[in-house]
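Single-letter residue listing:
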Amino acid sequence: ISLGDLPDVGPLLRGALALQWWRPSGPGIRIELEGAYTFRRALRLDDQPERGADLRAALATVRGCPVWRHVASELEFPLCFGIEAGALLGRGVGYPSVSEAALPWLALDVTVGVTWNPVPHFALGIAVEPVVPLLRSRFRVEGEGVLWQPLPFGFRALGGFEVRF
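Conventions used here
- Residues numbered from 1 in each chain as written.
- Predicted model: local features only at pLDDT ≥ 70, side-chain atom pairs only at ≥ 80, totals over all residues.
- Heavy atoms only, no water.
- Salt bridge = Lys/Arg side-chain N within 4 Å of Asp/Glu carboxyl O.
- Helix = DSSP H or I, 4+ residues; strand = E, 2+ residues; numbered from the N terminus.
- Buried < 20%, exposed > 50% of the residue type's maximum accessible area, 1.4 Å probe, protein only.
- Phe/Tyr/Trp six-rings, centres within 6.5 Å; stacked < 30°, edge-to-face > 60°.
- Pairing = 2+ DSSP bridges.

Chemist: What exactly am I supposed to notice about the pattern of salt bridges here?
Modeler: Where charged atoms of side chains with opposite charge meet at close range, the side chains can pair. In total, this model carries 18 salt bridges according to the counting rule given. The closest approach of N and O atoms between Arg14 and Glu34, which form a salt bridge, is 3.1 Å. With Arg14 in strand β2 (residues 12-21) and Glu34 in strand β3 (residues 28-44), the pair connects residues that are 20 residues apart, well separated along the chain. Classification of Glu34 as buried rests on a relative accessible area of 7%.

Below, the structure written as structure tokens:
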């Protein structure tokens, strides 16, 4: 789930490819390339609930992570730093002339997680991810002003699985 990039709290679907290797001493290293998509979130005006916009986001992220491992419990603790780029996508709703827009998105993120690797080639994980937008483009309606601008600070809570080769 995510909050801050788009209005309200909503679902986020992510898929990633990662390389991870372990060093003889110290933390392991992980590099990730990820794509993400947020599902439609409806933003409506308080005084005109039939008007507003439907917003989504399409994002790509590159991350680097030191990963600490507790071998006895098969737990891993990644701490990732990344840069995220993509677009916030919007479509007007309820206006005589409806248009669509794609606004640029650029943000920094830090991901703190825990991954449990109970069997070879499979892991389950959870993570929290603060996000700081570097671009805060606005969705506007002519004559009515700003409909939405991302918050100065966002947050994501994530759960997922990994298939490892």
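Chemist: Would you mind showing me how to read the packing of aromatic side chains here?
Modeler: The geometry of an aromatic ring pair is captured by two quantities: the separation of the ring centres and the angle between the planes. Taken as a whole and assessed by the stated rule, the structure comprises 2 aromatic pairs. Pairing Tyr37 with Phe39 gives two aromatic rings, centres 5.5 Å apart and planes at 90°, and the pair type is edge-to-face. Their ring planes at 20° and their centres at 6.3 Å tell us that Phe122 and Phe161 sit as a pair that is stacked. Taken as a pair, Phe122 in strand β7 (residues 122-133) and Phe161 in strand β10 (residues 154-163) lie far apart in primary sequence, 39 residues in all.

Chemist: Where do I start with the sheet that holds strand β6 (residues 100-119) in this structure?
Modeler: Strands in a sheet are paired, the pairing made by backbone hydrogen bonds, and the direction either parallel or antiparallel. Spatial strand order, β1-β10-β7-β6-β5-β4-β3-β2: 8 strands in an open sheet with antiparallel pairing. Both edges of this open sheet fall to β1 (2-3) and β2, since each of them pairs with a single strand only. Bridging between β1 and β10 involves 2 bridges; their strand directions are antiparallel. Each bridged residue has a counterpart across the sheet, and for Leu3 the counterpart in β10 is Phe155.

Chemist: Would you mind going over the pairing of β7 with me for this structure?
Modeler: Side-chain direction in a regular strand flips from residue to residue, so the side chains alternate between the two faces of the sheet. In this structure, β6 lies alongside β7, joined through 9 bridges in antiparallel fashion. Bridge assignment links Val114 to a residue of β7, and that residue is Ile126. In this antiparallel pair of consecutive strands, β6 and β7, the connection spans 2 residues, and His121 shows a positive phi of 70°. Of the strand pairs in this sheet, β7 and β10 are connected by 10 bridges, and their pairing is antiparallel. From the neighbouring strand, Glu129 faces β10, where its bridge partner is Arg156.

Chemist: Before we go on, may I ask you to explain the environment of Leu3 in this structure?
Modeler: Residue position: Leu3 is located in strand β1. By relative accessible area, Leu3 is classed as partly exposed at 38%. A C-alpha to C-alpha distance of 9.6 Å links Leu3 and Pro130, two positions 127 residues apart in sequence.

By themselves, these figures tell us nothing about what the structure is for.
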